[in-house]
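Observations on chain architecture
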Number of protein chains: 2
Amino acid sequence: MPESSADIDVLARLRTEFAASDGVAASVSVEAADLDRVREDRSGRRAPDRPIAVVYATSIDDVQRLLRLATATHTPVVPRGAGTGLAGGATGGPGAIVLDLSRMNRILELDPIDELAVVEAGVLNGDLNAAAAAHGLWYAPDPASRAISSVGGNIATNAGGLLCAKYGVTREAVLGLAVVLADGRLVRTGRRTVKGVTGYDLTALLTGSEGTLGIIVEATVRLRPRPEGEPVTIAAAFADVEAAAAGCAAVTAARLRPAMLELVDDLGLGRVVDHLGAAAIAGTPVEHLAPGEALVIAQADDTDAAVRAARIAEVLRAAGGRVEVSTDTVAAERLIGLRRAWHPALAATGEVLIEDIAVPRSKLPDMFRVIGEIGRRHGIEIPTLAHAGDGNLHPNFVFTGDEPPAEVWAAADELFRAAVALGGTLTGEHGVGILKRRWLRDELGDDGYDLQRGLKALFDPAGVLNPGVMFDVSNEPRR
Amino acid sequence: MPESSADIDVLARLRTEFAASDGVAASVSVEAADLDRVREDRSGRRAPDRPIAVVYATSIDDVQRLLRLATATHTPVVPRGAGTGLAGGATGGPGAIVLDLSRMNRILELDPIDELAVVEAGVLNGDLNAAAAAHGLWYAPDPASRAISSVGGNIATNAGGLLCAKYGVTREAVLGLAVVLADGRLVRTGRRTVKGVTGYDLTALLTGSEGTLGIIVEATVRLRPRPEGEPVTIAAAFADVEAAAAGCAAVTAARLRPAMLELVDDLGLGRVVDHLGAAAIAGTPVEHLAPGEALVIAQADDTDAAVRAARIAEVLRAAGGRVEVSTDTVAAERLIGLRRAWHPALAATGEVLIEDIAVPRSKLPDMFRVIGEIGRRHGIEIPTLAHAGDGNLHPNFVFTGDEPPAEVWAAADELFRAAVALGGTLTGEHGVGILKRRWLRDELGDDGYDLQRGLKALFDPAGVLNPGVMFDVSNEPRR
């Protein structure tokens, strides 16, 4: 709800701007429910108060006009897709306009011969995949949220997911972008060809830029032939998470590349069971886990799935796992569904701060050991899962209130420092957002940080694009 | 040879700077042979006169000291690896210092568990591969020049090669970089982990930046398990290049992904035979080609090679190819060696301007048809080969003298415009360099071009890093 006279002026200009347009008008909402919805994402972060308005764009022209207005009035714009971010990167607070792109959800082109699609930013990952599947194709970026997250948001965070070790992260699937700059100009980057090196790689630079360099409005993405045949799924129970992590590291060290290699601990599995009910695990390998046991879920796909799966199973067995191999895809989907339910299950019990560290894959067991130590030292549970094939871990903190309590931040700080000490990184796939910006300079170093600030200033001299995200600067311009 | 008093001053400062260092001194050369060597790369471009000096760096510190000196004296620095570039991107001319990185050729680390290597920029691609092979690993970027080109140069141009359709371009193999900025500061980008999204992707931005944003001095690169078993090779003769291109497009359309899919035309093959002698083709499929016939060389690898190769052969046969399938790896290496000899064979007959357009893969036959038309219209031969799996074509112009004659540029201009009209791009893998900068704005558009100029100015405000490469600006700063 507008509070200052400046906010009221901006809102009046918004209404004039978007009232005048013809047929493709965006709508401007100041409904309390809308404003409250966009204060939050799925990270547990909630902006301290409501933004000025939510603008629902339906065209590139809408976005351009909004950005011109924002630059003219020095009003922050927070771009937002499906709102499933996990780092507070798309949360609108006081003085800001939230640009909601979810209505720009058309698949503009799907070329089955050249295996690409051109989509508006708000298309859901799952919807693009459904359309591609009709041609035997597949959009590989596969975040756990794929059914509910948008392609544009996936690109803005360079989302990872469950299949990256074999199929790469989002960046590898993006051929080109259409981006509205802070001043409202539209720039198209990249190309429709598989290869191309004309000029600097702005497509890659904008991928993962979290709405701070430009507004991604369209994307040309690469599709892949779907893997052939049915995948083979391996479930392996280990006495504890460290043993499970050692099993996963052994798979990597054996030069095997499962399409999926997920590790889930007992603390998180317990909450999934509480959330979904005991029936959800009946007949799955989770049903037979003893207290404290952790589970590894691996999957091999494509024409050599059976051969690969047998070898993965052998390595996991040799590492001490109790292994089941299955070609039943319905059972596999149920099992993987338990993994995908992890975040909603935790979120049902409180606010969730989900860490996202990554370490070299050989360091997985070390990292799990440290997580256990940190949890015990601070007297808190840290349910953890890992995309073990990538060395990417998600330690979770569940809390109540708008902001994680001090002991959670203290534990998170130790986690991050431990990851970096092991040769790792602050965020593997969720992005920096607001929640992790405090550590950015530590990881990048002063010169690297300054260079990144320079990029931000080049693209967004007035500081209207998602200010406060990625960089923790107290001198962000405000009206 | 220094010509102006300013050059003499710079040279004196260089000698003082590098004479004073201890044991890790770079050497400064003004030998005529050195200066002439670095005026050229493999593109046919030759700088109009000699540079001031060649500095052979042996350490990061050398590079930092040189850049500080260059910035202080406003002297252009042309970074150079093995000098195998094909766009004039590393050619030193009057008033410039050439920074030769070929002596920074140590493999600093090779971690077989986490499957990565840390190398100095001057390490040859082939040498890294030899070291990786000892651990059953492989560095996938595979330009035709791999035996003689450096990893740093490959990264600076985001080199492609013969295996990109399945294994990606150089960018996908680079995890992190150490880069000396224009003012001499050292920045490390990226990480050792498979995934990571902390801050903007400077690693990707610098990959392919052709020495214009910073000097790449070290790289952390991803290694891969070597494909298992022996590859299966398919050779298919077609009546002409258009038919061969249609065969390749059919392979892509059938959702097959050969590790390699190369198309070579009769004009180029003739020159390879002239260069290597008839014995080189004895017993290979090239021996049995009729006049005008073009050859497709495909390869399937890894555990499912036989299955995949059979399907590729079937598609090529259905498209009218005369197909041979072979598991004889010695014979395959001989055949692929003929492909790799293409550029040296052409270079033996004159200066070579090698174009590097890429089109959507379905447009390959159209592009080959247009190349034929352009050649006939201008009365010149345009021997052409293609990485057909990527839609990347190399039409070649052979000429005499320091600069391509007008009719070659006219034909090249038509080629580029035709590629863009087909949804393609100016350069698939060689880079813009000096030779293709005239078309950069046409492809990027004015706003995209200006944004790229802004990036250049941000990283290199004094304009000392490889000025004239990528951007054709008449106002480059000079002393």
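For clarity, every value in this text was computed on a predicted model and none was experimentally measured.

**Describing the relation of the copies chain B and chain A**
- Mapping chain B onto chain A is achieved by rotating through 180° and translating by 0.0 Å along the same axis, at an RMSD of 0.0 Å. Such values leave the two copies arranged in the relation of a two-fold axis.
- Mapped onto chain A, 100% of the interface residues of chain B are again interface residues, and the two copies thus contact each other with one and the same surface.

**Topic: the pairing of strand 9 (residues 186–190) of chain B**
- Across 5 bridges, strand 8 (residues 174–180) of chain B lies against strand 9 of chain B in antiparallel orientation. Each bridged residue has a counterpart across the sheet, and for B:Val180 the counterpart in strand 9 of chain B is B:Leu186.

**Here we look at the sheet that holds strand 16 (residues 351–354) of chain A**
All names here are of chain A.
- Reading across the sheet, the 7 strands line up as 15-12-14-13-17-18-16 and stay open at both edges, with antiparallel pairing between neighbours. The sheet terminates laterally at strand 15 (322–326) and strand 16, the two strands that pair on one side only. For this sheet, the mean angle separating the axes of adjacent strands, direction not counted, is 15°.
- In terms of strand pairing, strand 12 (residues 232–238) meets strand 15 through 5 bridges, oriented antiparallel. When the bridges of strand 15 are listed, Ala237 appears paired with Arg322.
- Along the sheet, helix 8 (residues 241–253) makes contact with strand 12, strand 13 (260–264) and strand 14 (294–300), crossing strand 13 at roughly 170°.
- Across the sheet, helix 14 (residues 406–421) touches strand 16 and strand 18 (392–399), and the angle it forms with strand 18 is around 170°.

**Side note on the domain arrangement of chain A**
Residues and elements named next belong to chain A.
- Split into domains, chain A comes out as domain 1 (5–100), domain 2 (107–225) and domain 3 (232–421).
- Placing a centre on the C-alpha atoms of domain 2 and another on those of domain 3 gives a separation of 27 Å.
- Between domain 2 and domain 3, the contact holds 11 residues from the first and 13 residues from the second.
- Of the roughly 1000 Å² buried between domain 2 and domain 3 on both sides combined, carbon and sulfur atoms contribute 48%.
- The largest share of the area that domain 2 buries against domain 3 comes from Leu162, Ala165 and Lys166, three residues that together contribute 54% of it.

**As for the interface of chain B and chain A**
- Between chain B and chain A, the residue contacts involve 79 residues of the former and 80 residues of the latter.
- Carbon and sulfur atoms supply 55% of the area buried between chain B and chain A, which totals about 6500 Å² over both sides.
- Looking at the side of chain B facing chain A, the largest losses of area belong to B:Lys195, B:Tyr200 and B:Arg255, adding up to 15% of the total buried there.
- Between chain B and chain A we count 20 salt bridges in total.
- A salt bridge links B:Glu115 to A:Arg257; its shortest N-O distance comes to 2.1 Å.
- When residues in the side of chain B that touches chain A are grouped by element, the largest group, 12 residues, is from helix 15 (residues 440–459) of chain B.
- Broken down by class, the residue content of the side of chain B that touches chain A amounts to 30 nonpolar, 27 polar and 22 charged.

Rules of the game
- Residues numbered from 1 in each chain as written.
- Chains lettered and ligands numbered in written order.
- Predicted model: local features only at pLDDT ≥ 70, side-chain atom pairs only at ≥ 80, totals over all residues.
- Heavy atoms only, no water.
- Least-squares fit on C-alpha atoms with pLDDT ≥ 70 in both.
- Contact = heavy atoms within 4.5 Å.
- Pairing = 2+ DSSP bridges.
- Helix = DSSP H or I, 4+ residues; strand = E, 2+ residues; numbered from the N terminus.
- Axes fitted to C-alpha atoms, helices over the stretch in contact; angles between N-to-C directions.
- Domains from an automatic or database assignment.
- Buried area = accessible area lost by both parts, 1.4 Å probe.
- Salt bridge = Lys/Arg side-chain N within 4 Å of Asp/Glu carboxyl O.
- Nonpolar A, V, L, I, M, F, W, Y, C, P; charged D, E, K, R; others polar.

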